[in-house]
Structure formats: C-alpha cells, structure tokens
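Reading the structure
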Amino acid sequence: MESLLIVEEVSKNFAGIQAVNGLSVTLEKGRIAGLIGPNGAGKTTLFNLITGFHGVSSGRIYYQGTDITGLPPYRIARLGIARSFQDVRLYTKMTVLENAVLAQPKQAGEKLRNVYFRPGRVRRRDREFTVTVTPRLDETRGVGRIGFQPLPVLTRVNPLQALGLGVRRTGEFIVLLFGAVRTLARDGKFFESLGGPVAAGNMLAQTASTGVQAFLNVAAFLSVMIGIFNLLPIPALDGGRLAFLLGEAVRRRPLLDARKEGLVHTVGFALLLLLLFGVTLRDFRRLFP
Amino acid sequence: MGAFLLHLLVLTNTYVILGVSYNLLIGYTGLFSIAHAAFFGVGAYVSTVLALKLGWPFVVGLAAAVLVAAAGSGLLAVPALRVSGDYLVIASLGFQVIIFNVFMNWESITGGPAGLPGIPRPGFLGWTVESPLAYAVLSCVMAAAAYVFVRRLVGSPFGRVLRAIREDEVVTQALGKNVTGVKVVVFMVSGGVAATAGSLFAHYTTYINPYFFTLEESILILSVVIVGGAGNLTGSIVGAVLLTLLPQALRLVELPEALAANLRQIIYAALLAGFMFFRPEGILPERTLTLAEKD
C-alpha cells in the first residue's frame, strides 16, 4: 500500500501549551481514515499543521513523497490537500457560481498578465443557467444547503394537447385528493382539517395574490374536489342517488320505495347542512379569533 | 467661467483616477491602506523631476512614474501585508508619513517645502497640451483609461479572487490562492494607477510641493471612495464629482478664508463620519448577493 501522507513526529507548541506532541500518522492511498478525540485533543491543530495554516514546532510532513513542512497553505492546497472548516465558510456575498469557480484550480484569468495581455485565455460572461438558485446557510446544522428552485417553463400547446394535459392533471388531482384524505384520516386529523366555503374562499383569495396561474390551479383543484365528493355515495348528493340507481340496476327493482328514498335524502341533506353550518362556524372562528 | 468649469473637470478626473485605484484596495480587496496620497505624490514627483531635470517627454515620464510608484507600492506591501486589519492602517500611515518627509527633506531632488515650480505642460510629438480645453480632454482620456483598466481587472477572475480575499482570507488560501501574492500585485496596480493621477496633476498645476500629498489628501481620497460606494467603480466617479464640487459650493457661502479652510476639513470629517453611520455602503453600493433569510 502506497503511503500518501506521512506525518512524522510532529509537535506544536502554542506559547507553552503543547497542542500536539510527537504525533506520527501514515495515511494510505485509497483508504478513508477518521481522527477522533475529546475537545482540546489537538485534532483541529493537526489539520491546521497538515494544511500549513500553522507551522510545526518540530517534525516533518510528507505528501506523495515530497516534504511539505513549512509550505504556505495555498501551495499545499495546490498539491491536492483540500480541507473544510468546522463551520461552513461560504463566500456569502458571492454567487453560487462564483463560490464554485473559486474552488477550481488553475484559472487562467486569475493571473493579471492573462487578463490584460492574453484575454483569449480568460473566459468571461460564461454563465448559462436555466434554474433559479437560492443558497441558504443552515448554521445550526452546519450545512451550506443549496436549494434549487426549478423555474416554471411555460410552453404554448394546441387546444387538443391542452385537453389531454387537462385530463391528466385532473387524474393527478384525484389521486392527490384521495391521498390527502387517507393521510389525514390515518393521522386522525380529518375532522380538524375540514374547511367550509369560507376557508375555500380564503384559500382562493390567498392564491389569487400570488398569480393568475396559481389561482386557476387552486380553483380547478376545488372544482375537481367538489365533483368527486358529489359522486361519493352520500345521501342527498348525486352520488347517493346514483348508489340507489346502481342497486336498482343490480336487483332489478327499487331498493326502497320512492317515499323512503326521499326521506333518506332529506335526512342526509339535513346532516350535510349541519356539517356545513358547523364547519363554516369554525371557519369564521379561525379567521376572526 | 468656461475655463473654471474645465478646471473643475480636470480636478474631478484626477480624483476619479485616485478613487478608482484606491477602490481596488479598500473596496474590492478589503485592504485598508491609508497611503494613497503618497503614491499620488510619487507619481507627481517622478514625472516632474524627469521633465524638469532630464527634459523627458510627458509620456515617458508618466510611464516611469507608474513603474516607480508600483515598485514603491510593492515595497510597502511586502512588509505591511505581514500584518493585517488595523495594523495595516498603521503600517501604511507610517509609509505615508515617510514619503511626505522624503518630499520635504530630499531638497536636491524635490526642492523641499518650497516645491518644484515651472513644470512643463505635456507634449505629444511637438504638440503641447496648453489650452484648458485640451487639458480637460487629456484628463478625460486618462480617467477613462484608468476606469476601463480597473474595470477590466475587477471583472476578471483575478477580481473574483480579490473579493474572495475580502470575504474570507483563510478559505481563499485553503482553495489554493496565493493570497499574499495577489495582495502585493493589487497594491502595485493600485499605486501605479494612482501615479498617473499624480503625473496628470503635476503637469496641470505646473507646480507641486509636499503639502499636496499629505495624510489629509489620503483621507480625501478615502472619502471619495466611501461616499461614492466602496466596491463600486461608478460610485468612485460620483464621489470624485461630489467632493470636487463640494468646496466650490462652500465657496458660494462667503466665509473668511481662514475659517473656510478649517470648515472644509470639518465638513469632510462630518461627511465621512455621517456616511459611516448612516450609509456605510456609500451612495452607489456594491452590487452583491444578500444571503436568503434563514427560515
């Protein structure tokens, strides 16, 4: 096994405090190694010694057979030893592209003579992007997260294609709707998340402020929702009547006589009204607490 | 009146060159040096001495001034960059004072406190830039050249490294950039560009003395950059225009001469302090990203 990095009897003394004392480590090519130890054990100091941010008090460090002891950090970095820091240190005032490009070695344009005398070597205005990137820094978890926000691409389609897409979207809505109902029922939040006409209106008003498309989308979703629920076998709704007709078709005679069926629907309608009333009352209480 | 406006234009252009070159240091790289008037002075003196004592043409003197100032700037940079932050201010302040004292005391060359009179107007191939209009045009050309030169630098990957150094020196080193080397280069470029302003100024006023290149002058150049907007080259032009016109505006308010000079200093100080408090990014702030709010 080839030794990539050899740390030989390295010590570091900070004004009398022995941070690292006669440490020797050999790292082999192709292996992943970890360094663990309690706070103040000198782990960070060792990394600072290897990457040249601190000078060693004694000992030598070899990388790929060359002595890198005492080299400035940028030389060590150029040899291929990359490092991160304990906290994420991004260039927060620079773009994601600039952050990325700065990490690229051997940029011709970083030499002034190329900038002025060999401009052909310097790439300029070389940014072609079709995504909006929102960099966010999560300091508590120490993650420099880059959120990619897809930019909606609007394309013009002919009416036939539009119809096809509409059908597909409706199918997606239905799947989404049942999925949502199932999740809410499973989590026992079905009743508490019910909203009435006021909540629906409020939701539409909110989305209307974000744009025509969002508004139309939500309106279409509500439409699909109403259509689907109307088809559910609930008395007083079309679905309820349909259920009776279906039963009649199967049994070849009415399930109940017309008067009794009418009563079922009336009771169902009353219950629905009660639900509507209760839900609307709650809507108001939520909107105007 | 026309001649007076042209005079103001030449002055403004001088400060545009100084502001743009100084912005490179404090605006883009975050190097707080306070010795810019020294490079301005070195440019003026080198150009003047070569023209007066050796009869060199303007263009050659200008080139020599740039080279000497760049070398001097590098000379300041190498020891000064061993320290950073506040210490750099002090180290450069020392440099400023030393250069001023050289101008004052090297009498055989600089003429000492009496200065050097009779500087010839610039000549190009037998044609002399004499009239106020011609000089104004020359100053515009030089200011534009300095602006384009610096703009090209800050817009290049080299400029990107400068901003990276300003934001986080340690990380920039870890990414394999020779931070010290880049700083020395940017010091030299900045000093060299400032020297062109010195040359322009000396051949315009035809008389220079050390008091043109004092610490107060350095602070004035600092004000140009801070008021205009550090890290924004166009801002330095705005700052140069404002700070050249301000004393003229003060002149409209008729004050005794002795009072006016002091008042001007006070107003510069107040302006600088005011901007630091209320608009530290200057009139035209640098265009940078602001990190999205954490949610």
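Remember, it's a predicted structure, so these values are computed and weren't measured experimentally. (Residues numbered from 1 in each chain as written. Chains lettered and ligands numbered in written order. Predicted model: local features only at pLDDT ≥ 70, side-chain atom pairs only at ≥ 80, totals over all residues. Heavy atoms only, no water.)

Focus: the overall build of chain B
To keep it simple, the criterion reads: The secondary structure listing takes helices from DSSP runs of H or I that are at least 4 residues long and strands from runs of E that are at least 2 residues long, numbered from the N terminus. Three exposure classes are used, based on accessible area relative to the maximum for each residue type with a 1.4 Å probe and protein chains only: buried under 20%, partly exposed in between, and exposed over 50%. Note on contacts: a residue pair is in contact if any heavy atoms of the two residues lie within 4.5 Å. Each accessible area is a Shrake-Rupley result for a 1.4 Å probe, and residues are judged covered by the shown protein chains and nothing else.
In terms of regular secondary structure, chain B is built from 12 helices and two strands. Along chain B, from the amino end to the carboxyl end, the secondary structure elements read α-α-α-α-α-β-β-α-α-α-α-α-α-α. Burial analysis of chain B (295 residues in total) assigns 53% to the buried set. Looking at chain B alone, contacts between residues at least 24 apart form 78% of all its contacts between residues at least 6 apart. Split by element, the accessible area of chain B, about 12,800 Å² in all, is 70% carbon and sulfur.

Some remarks on a positive patch on the surface
Counted only if it meets this: Patch definition: residues above 30% relative accessible area lacking any salt bridge, with like charges linked at up to 9 Å and the nonpolar side chains Val, Leu, Ile, Met, Phe, Trp and Tyr linked at up to 5 Å. For salt bridges, the criterion is a side-chain nitrogen of Lys or Arg within 4 Å of an Asp or Glu carboxyl oxygen. The charge count includes Lys and Arg as positive and Asp and Glu as negative, but it does not include His or the ends of the chains. To locate a charge, the coordinates of NZ of Lys, CZ of Arg, CG of Asp or CD of Glu are taken.
The grouping of Arg75(A), Arg78(A), Lys111(A), Arg113(A), Arg118(A) and Arg121(A) at the surface amounts to a positive patch. Note on placement: Arg78(A) falls in helix α2 (residues 73-79).

Concerning the confidence of the model for chain A
All names here are of chain A. We apply this condition: pLDDT expresses, on a scale from 0 to 100, how confident the predictor is about each individual residue.
Here chain A shows a mean pLDDT of 80. Residues at 70 or above account for 88%. Highest mean pLDDT in chain A belongs to strand β3 (residues 58-63) (92); lowest belongs to strand β6 (residues 143-149) (45). In this model, residues 145-151 is a region of pLDDT below 50 whose contacts with residues beyond four sequence positions or in other chains number 17 contacts.

Description of the packing of helix α1 (residues 2-29) of chain B against helix α6 (residues 132-154) of chain B
Residues and elements named next belong to chain B. Threshold: Convention adopted: a line fitted to C-alpha atoms gives each axis, helices being fitted over their contacting stretch, and angles between N-to-C directions are expressed from 0 to 180 degrees. Angle categories: roughly parallel below 35 degrees, roughly antiparallel above 145, roughly perpendicular from 65 to 115, and oblique for all the rest. Should the near helix be turned anticlockwise from the far one by less than a right angle, the crossing is left-handed, and should it be turned clockwise, the crossing is right-handed. Under the convention adopted here, Pro, Cys and the residues Ala, Val, Leu, Ile, Met, Phe, Trp and Tyr are nonpolar, Asp, Glu, Lys and Arg are charged, and Gly plus all remaining residues are polar.
Taken N-terminus to C-terminus, the directions of α1 and α6 make an angle of 15°; their axes are 8 Å apart at the nearest point. Classified by the angle between their axes, α1 and α6 sit roughly parallel to one another. The element α1 and its partner α6 pack so that their crossing is left-handed. Within the contact of α1 with α6, the residues separate by chemical class into 20 nonpolar, two polar and one charged.

Description of the side chain of Asn99(A)
All names here are of chain A. Our working rule: We call two N or O atoms a polar contact when they sit within 3.5 Å, provided that within protein one can donate a hydrogen and the other can accept it, with sequence-adjacent residues counted only if both atoms are side-chain atoms.
Of note, Asn99 is situated in helix α3 (residues 96-102). Polar side-chain contacts of Asn99 include one of 3.0 Å to the backbone oxygen of Tyr91. Dropping the residues within four chain positions of it, Asn99 is found in contact with Leu90, Tyr91 and Met94.

Notes on unusual backbone geometry
Residues and elements named next belong to chain A. In this structure, Glu9 takes a positive phi of about 50° despite not being glycine. As for its placement among the helices and strands, Glu9 is situated in strand β1 (residues 3-14). Since its relative accessible area comes to 52%, Glu9 is described here as exposed. Even without being a glycine, Arg252 presents a positive backbone phi close to 65°. Within the element layout of this structure, Arg252 appears in the loop between α8 (238-251) and α9 (258-287).

What about the nonpolar core?
Counted only if it meets this: For our purposes a nonpolar core is just a set of buried Ala, Val, Leu, Ile, Met, Phe, Trp, Tyr and Cys residues, chained together by side-chain atoms within 4.5 Å.
Formed by 96 residues in total, the largest nonpolar core has its most connected members in Ile17(B), Tyr22(B), Leu24(B), Leu153(B), Phe187(B), Ile208(B) and Phe213(B). Looking at this core, the element that brings in the most residues is helix α9 (residues 179-205) of chain B, giving 14 residues. In contact with Leu24(B), other than residues within four places in its own chain, are Thr29(B), Val150(B), Leu153(B), Val154(B), Leu162(B), Val186(B), Val189(B) and Ser190(B). Ranked by size, the runner-up nonpolar core spans 14 residues in total, among them Val10(A), Ile50(A), Ile61(A) and Ile68(A).

Digging into the packing of aromatic side chains
Residue and element names in this part refer to chain B. Note the following rule: Two aromatic rings, drawn from Phe, Tyr or Trp (for Trp, its six-membered ring), form a pair once their centres lie within 6.5 Å of each other, and the interplanar angle then sorts them: stacked below 30 degrees, edge-to-face above 60, tilted otherwise.
In this structure the tally under the stated criterion is 15 aromatic pairs over all chains. Centre to centre, the rings of Phe212 and Phe213 are 6.1 Å apart; their planes meet at 70°, and the pair counts as edge-to-face. Exposure remark for Phe212: the relative accessible area of 29% places this residue in the partly exposed category.

Overview of the environment of Lys177(B)
Examined against the element boundaries, Lys177(B) turns out to sit in the loop between α8 (169-174) and α9. Under the relative-accessibility criterion, Lys177(B) is labelled buried at 5%. The sequence separation of Lys177(B) and Val161(B) amounts to 16 residues, and the corresponding C-alpha distance is 7.8 Å. With near-sequence residues (within four places) excluded, Lys177(B) lies in contact with Tyr74(A), Arg78(A), Leu102(A), Gln104(A), Glu110(A), Val161(B) and Thr172(B). At a separation of 2.9 Å, a polar atom in the side chain of Lys177(B) contacts the main-chain carbonyl oxygen of Leu102(A).

Structural notes on helix α10 (residues 215-228) of chain B
All names here are of chain B. To keep things clear, this is the line we draw: Take the number of residues in a helix, subtract one, and multiply by 1.5 Å to get its expected span.
Taking 1.5 Å of rise per residue, 14 residues should cover 20 Å, and α10 covers 20 Å from first to last C-alpha, within 8% of that figure. For α10, a buried count of 11 out of 14 residues is recorded, marking the element as mostly surrounded by other parts of the structure. Residues of α10 that are buried: Glu217, Ser218, Leu220, Ile221, Leu222, Ser223, Val224, Val225, Ile226, Val227 and Gly228. In this structure, the buried residues of α10 make contact with α1, α2 (36-53), α4 (86-105), α11 (233-252) and α12 (257-278).

Focus: the pattern of salt bridges
Taken as a whole and assessed by the stated rule, the structure comprises nine salt bridges over all chains. In this structure, Arg31(A) and Glu28(A) form a salt bridge, with 3.4 Å as the shortest nitrogen-oxygen distance.

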